[in-house]
Amino acid sequence: MENRFEIKLTRIDDKAVELNSMSAEALESFISVVASVHQVAESVIDKEDLIFSIESGSAVCSVQAPPESLETLHREIEIAMEGQSSNKGVTDGLRAIQREFKRGDLSYSFYYQKSTSAVGIGERLRSANRIGLKRVKRDYQYKLMASEGVIKQIGGENPNYHLTYQNGTSQVVACTEPQAMLVKQYLYEAFIPLVLCKRYHSPEKKDQYFHLLVIEDDLTNDILRFVDGYNQHEELVERLTAIHDFVDDAFEKTDRGHRILRTLLLGLNDIRLHQSEIKTLLVISKPFQDHPEIRVAREALLETYYVKRG
């Protein structure tokens, strides 16, 4: 079966639905839902890549597009249901669909159908209470950094290390005590840490830096490429897509897929990152959750996800 989104009016007053014998009220509801599905899809995917269809015999509307476009649409829907979307077309459309889903006389189903599984969206959409645009933009943004440097000072009551780069500049990088013990072995030696930078838009505020992990030497080029791609995007959906695409490429084009995924699971295990970024990595890594190189790192990230979700 081809990948697609499928939304279906299943019952009217507890009776099965036939497209050619609906009441005017039910037809009006279905047309409203179809129009809203169209709005949501076109707000994310180019018109040229979209195919809409309505099946005869039952009230089913489906949306087809290239798999990567459908993945992007799915992530945008998930973000919108968390109240974190910046796409008004998606949030307005989903609220309109939700209104029809909540009607007592009509029953709808909503699935993201993949080739091997179906992801249910309907029940969560029906109960979602945060659909809307994300709140006022923060005065800072997180960026990833990965540059070779030398530690010339480490410790303190609030653990940190002073990282001096090849051009002579230096940064104070905050870390935990266990992280300080790990990076201590690189004192006065060149190494490349993955660092999270909290970059403020206001020049009056000083940027902050947080240690994530030490990049293994033979994975340096891979992780540097990931950091470069990640930092090119400011919108959350685009960053989620960048994460997804990078891991796919790692498994398709290298023999280091499991190690690269493990590095991201460890490196992006930070409560400061967006919940959807953590969730995306958990979803991507689920098929490998019992792999010896993945299991422990994924379990640790899952704990962080539960803490962040509250």
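Just so it is clear, the structure is predicted and the values come from calculations on it, not from any experiment. (Residues numbered from 1 in each chain as written. Predicted model: local features only at pLDDT ≥ 70, side-chain atom pairs only at ≥ 80, totals over all residues. Heavy atoms only, no water.)

Let's shift gears to the pattern of salt bridges. Inspection of every chain in the model, using the stated rule, returns 22 salt bridges. Notably, a salt bridge pairs Glu-78 with Arg-124, separated by 2.7 Å at the nearest N-O pair. With Glu-78 in helix H2 (residues 67-81) and Arg-124 in helix H4 (residues 122-127), this pair connects stretches of sequence that are 46 residues apart. Put simply, Arg-225 and Asp-222 hold a salt bridge, and the shortest N to O gap is 3.3 Å. (Salt bridge = Lys/Arg side-chain N within 4 Å of Asp/Glu carboxyl O. Helix = DSSP H or I, 4+ residues; strand = E, 2+ residues; numbered from the N terminus.)

Turning to the packing of helix H9 (residues 275-285) against helix H10 (residues 295-309), a few remarks are in order. Running from N to C, H9 and H10 point in directions that differ by 145 degrees, and their axes come no closer than 10 Å. Pair H9 / H10 crosses with left-handed handedness. Facing H9, whose interface residues are Gln-275, Ile-278, Lys-279, Leu-281, Leu-282 and Ser-285, H10 presents Arg-298, Leu-301, Leu-302, Thr-304, Tyr-305, Lys-308 and Arg-309. (Axes fitted to C-alpha atoms, helices over the stretch in contact; angles between N-to-C directions. Left-handed = near helix turned anticlockwise from the far one by under 90°. Contact = heavy atoms within 4.5 Å.)

Across the 6 residues that make up strand E9 (residues 160-165), a large majority, 5, are buried. In this structure, strand E8 (residues 149-155) lies alongside E9, joined through 6 bridges in antiparallel fashion. By the bridge assignment for E9, Ile-154 is matched with Tyr-161. Counted along the chain from E8 to the antiparallel partner E9, the turn is 4 residues long, and its residue Gly-156 has a positive phi close to 100 degrees. Summarising the sheet, E9 and strand E10 (residues 170-174) pair through 5 bridges and their orientation is antiparallel. Each residue of the ladder has a partner; that of Tyr-161, found in E10, is Val-173. Count of turn residues in the E9/E10 antiparallel hairpin: 4 residues, of which Gly-168 carries a positive phi of about 95 degrees. (Buried < 20%, exposed > 50% of the residue type's maximum accessible area, 1.4 Å probe, protein only. Pairing = 2+ DSSP bridges.)

Tallied over the entire structure, the rule returns 0 disulfides. With no disulfide of its own, Cys-175 lies closest to Cys-197 among cysteine sulfurs, the gap being 16 Å. Using a relative accessible area of 11% as the deciding quantity, one classes Cys-175 as buried. (Disulfide = S-S within 2.5 Å.)

Let's shift gears to the pairing of E8. Bridge analysis of E8 against strand E11 (residues 190-191) gives 2 bridges, and the strand direction is antiparallel. Counted as the bridge partner of Val-150 is Ala-190 from E11.

Moving on, we come to the environment of Leu-187. Its place among the elements puts Leu-187 in the loop between helix H5 (177-183) and E11. The class for Leu-187 is partly exposed, based on a relative accessible area of 30%. Once the C-alpha coordinates of Leu-187 and Ile-151 are considered, the two residues, 36 residues apart in sequence, prove to be 5.1 Å apart. Setting aside residues up to four positions removed in sequence, Leu-187 forms contacts with Ile-151, Lys-152, Gln-153 and Ile-154.

Here we take up the packing of aromatic side chains. According to the stated counting rule, one finds 12 aromatic pairs in the structure shown. Arranged with centres 5.8 Å apart and planes meeting at 40 degrees, the rings of Phe-226 and Tyr-230 form a pair that is tilted. Of the two residues, Phe-226 and Tyr-230 both sit in helix H6 (residues 220-231), 4 residues apart, roughly one turn of that helix. By relative accessible area, Phe-226 is classed as buried at 3%. Given a relative accessible area of 1%, Tyr-230 falls into the buried group. Measuring from centroid to centroid gives 6.0 Å for Tyr-305 and Tyr-306, while their planes differ by 55 degrees, and the two rings are tilted. On the accessibility criterion, Tyr-306 (45% relative accessible area) is partly exposed. Aromatic rings pair up to connect Phe-5, Phe-101, Tyr-108, Phe-110 and Tyr-112 into one cluster. We note Lys-198 situated over the ring of Tyr-140; from NZ or CZ to the ring centre the distance is 4.3 Å. (Phe/Tyr/Trp six-rings, centres within 6.5 Å; stacked < 30°, edge-to-face > 60°. Lys NZ or Arg CZ within 6 Å of the ring centre and 35° of its normal.)

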